[in-house]
Amino acid sequence: MNWFTRVRNSLSFGSKRSTDKDLWVKCPGCQQMVFAQEYEENAFVCPRCDHHGRIGADERLSQLLDEGFDVLPIPQVKEDPLKFRDSQKYTDRLKKARANSPHEDAFLVGSGAIEGKPAVVGVQDFGFMGGSMGMAVGTAFCQGAERALTRKCAYIVVTAAGGARMQEGILSLMQMPKATVMTRRLKEAGLPYIVVLTDPTTGGVTASYAMLGDVHIAEPGALIGFAGQRVIQDTIREQLPEGFQRAEYLRKHGMVDLVVHRHELKDMLATLLDYLAPAKAA
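Remember, it's a predicted structure, so these values are computed and weren't measured experimentally. (Residues numbered from 1 in each chain as written. Predicted model: local features only at pLDDT ≥ 70, side-chain atom pairs only at ≥ 80, totals over all residues. Heavy atoms only, no water.)

Asks: Honestly, the domain arrangement of the protein in this entry has me stumped. Any pointers?
Replies: Per the domain assignment, the segments making up the protein are domain 1 (20–51) and domain 2 (55–276). Relative to domain 2, the C-alpha centre of domain 1 lies at a distance of 24 Å. For the pair domain 1 and domain 2, the summed buried surface comes to about 470 Å²; carbon and sulfur atoms form 59% of the total. For the pair domain 1 and domain 2, the interface holds zero salt bridges. Our count for the contact surface shared by domain 1 and domain 2 stands at four residue pairs in polar contact (both at pLDDT 80 or more). When its residues are assigned to classes, the side of domain 1 that touches domain 2 shows three nonpolar, one polar and one charged. (Domains from an automatic or database assignment. Buried area = accessible area lost by both parts, 1.4 Å probe. Salt bridge = Lys/Arg side-chain N within 4 Å of Asp/Glu carboxyl O. Polar contact = N/O pair within 3.5 Å; in protein donor to acceptor, adjacent residues only side chain to side chain. Nonpolar A, V, L, I, M, F, W, Y, C, P; charged D, E, K, R; others polar.)

Quick look at the structure:
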């Protein structure tokens with residue numbers, strides 16, 4: 001043992017201080033470090049480059065709905081109906097996702113009001129298995145639509161998903177027509193169905209309820225599409241234009257009605273509810 005080791009071992013060091021959460025976050029847009037509290041207080045939007053970060057379902061509901069809203073219980077469905085296994089068992093993947101989430105699956109429904117106007121809001125959480133659409137997500141979507149029909153109010157859905165949940169196979173794909181039927185019921189009842197597209201919205205979610213709204217709103221810079229850009233380029237053997245599948249490009253080409261900053265989203269939804277709310281009988 002050399003002299004440095006002896007001296008070091010003879011010194012008493014205090015335990016390293018730890019914090020409950022990181023004080024800094026790295027912005028995915030500008031790659032700069034942002035003070036976590038400032039980032040959170042700014043609705044998870046980078047104060048330097050205005051990049052809209054991904055947020056959880058609870059935060060999204062709190063941002064959009066007035067205080068005092070109710071959260072519907074996540075419906076119970078049969079888990080792992082196909083006994084699916086890839087590099088891990090599906091049940092193990094679910095356990096891991098639930099350990100990192102306050103909720104049982106990727107779709108949460110809140111029932112309340114937006115600036116005093118009644119509304120039901122469904123939110124997909126990309127943090128739960130990429131927001132993938134399985135039976136629980138499809139059933140929760142339909143549950144939210146049923147609540148809107150019961151309350152005779154608008155249904156607003158905030159999408160964020162990598163597509164269908166492959167571990168549930170055809171049962172996942174069956175959620176697409178099931179959700180489509182519910183959007184049709186809302187239309188027949190004369191109730192507004194508004195979709196807020198956030199980063200990312202892709203795959204089977206885009207191919208079903210994400211593109212069936214009366215109005216489609218996107219957050220700035222959100223990735224929105226069905227197949228990935230590389231898959232499309234390899235198929236058509238053409239270089240895609242800059243910004244392809246981003247919210248601003250889609251707005252320019254008519255696929256999205258509005259691109260709205262997160263700070264202005266609640267006010268915009270309230271305005272739309274004024275325009276689209278069913279007329280009261282005289």
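The structure having been displayed, the exposition proceeds.
Asks: Could you clarify how one ought to interpret the UniProt feature "binding site: Zn(2+)" (unreviewed entry) in the protein in this entry?
Replies: With numbering matched to this structure, UniProt assigns "binding site: Zn(2+)" (unreviewed entry) to Cys 27, Cys 30, Cys 46 and Cys 49. Spatially, the listed residues are clustered: although they cover 23 residues, their C-alpha atoms lie within 8.6 Å of one another. By secondary structure assignment, the location of Cys 27 is in the loop between strand S1 (24–26) and strand S2 (33–35). Of the residues examined, Cys 27 reaches a relative accessible area of 2% and is grouped as buried. Looking at the secondary structure, you find Cys 49 in the loop between helix H2 (36–41) and helix H3 (57–64). On the accessibility criterion, Cys 49 (34% relative accessible area) is partly exposed. Not counting the four nearest positions on each side in its chain, Cys 49 is found in contact with Cys 27, Gly 29 and Cys 30. (UniProt positions renumbered as here; feature names shortened; annotations may be inferred. Helix = DSSP H or I, 4+ residues; strand = E, 2+ residues; numbered from the N terminus. Buried < 20%, exposed > 50% of the residue type's maximum accessible area, 1.4 Å probe, protein only. Contact = heavy atoms within 4.5 Å.)

Asks: When you look at empty space enclosed by the protein in this model, what are you seeing that I'm missing?
Replies: Using a probe with the size of a water molecule, rolled over the atoms, empty space left in the structure can be pinpointed. Throughout the structure, instances matching the rule amount to three cavities of 30 Å³ or more. Within this model, the largest cavity holds a volume of roughly 120 Å³. Forming the boundary of the largest cavity are 15 residues, of which Val 77, Glu 79, Arg 98, Asp 105 and Ala 136 lie nearest the centre. Per-element tally for the lining of the largest cavity: the top contributor is helix H4 (residues 90–99), with three residues. Of the residues in the lining of the largest cavity, the class split is six nonpolar, one polar and eight charged. Of the voids in this model, the second largest cavity is the one considered here, and its volume is about 100 Å³. (1 Å grid on protein atoms, 1.4 Å probe; cavity = no way out; pocket = protein on both sides within 12 Å on 5 of 7 lines; lining within 4 Å. Points joined across faces, edges and corners; volume = space filled by probe spheres on them.)

Asks: When you look at the sheet that holds strand S5 (residues 117–124) in this model, what are you seeing that I'm missing?
Replies: Note: strands within a sheet are paired through backbone hydrogen bonds, in either parallel or antiparallel orientation. The sheet built from seven strands is open, its strands ordered S3-S4-S5-S6-S7-S8-S9 with mixed pairing. Each edge of the open sheet is held by one strand with a lone partner, namely strand S3 (70–71) and strand S9 (258–259). Pairing geometry for strand S7 (residues 193–201) and strand S8 (residues 215–218), over four bridges, is parallel. Residue pairing across strands places Leu 197 opposite Ala 218, the latter belonging to S8. (Pairing = 2+ DSSP bridges.)

Asks: Explain helix H11 (residues 262–276) here, please?
Replies: Every α-helix carries 3.6 residues per turn, so stepping three or four residues along brings you back to the same face. Given a rise of 1.5 Å per residue, 15 residues ought to cover 21 Å, and the 21 Å separating the end C-alpha atoms of H11 matches this to within 8%. Listed as buried for H11 are Arg 262, Leu 265, Leu 269, Ala 270, Leu 272 and Leu 273. Elements that come into contact with the buried residues of H11 comprise H3, strand S4 (107–114), S5, strand S6 (154–161), S7 and S8. (Expected span 1.5 Å × (residues − 1).)

Asks: How should I be thinking about the environment of Gly 228 in this particular structure?
Replies: Relative to the elements of secondary structure, Gly 228 occurs in the loop between S8 and helix H9 (229–236). In this structure the C-alpha to C-alpha distance between Gly 228 and Gln 245, which are 17 residues apart in sequence, comes to 9.0 Å.

Asks: Looking at this structure, I do not really get unusual backbone geometry. What am I missing?
Replies: Note: most residues except glycine have negative phi, and most peptide bonds are trans. Following Asp 199, the chain continues to Pro 200 via a peptide bond in cis, the omega torsion being -15°. Looking at the secondary structure, you find Pro 200 in strand S7. Positive phi is not limited to glycine here, since Asp 50 has a value of about 70°. With respect to the helices and strands, the residue Asp 50 is situated in the loop between H2 and H3.

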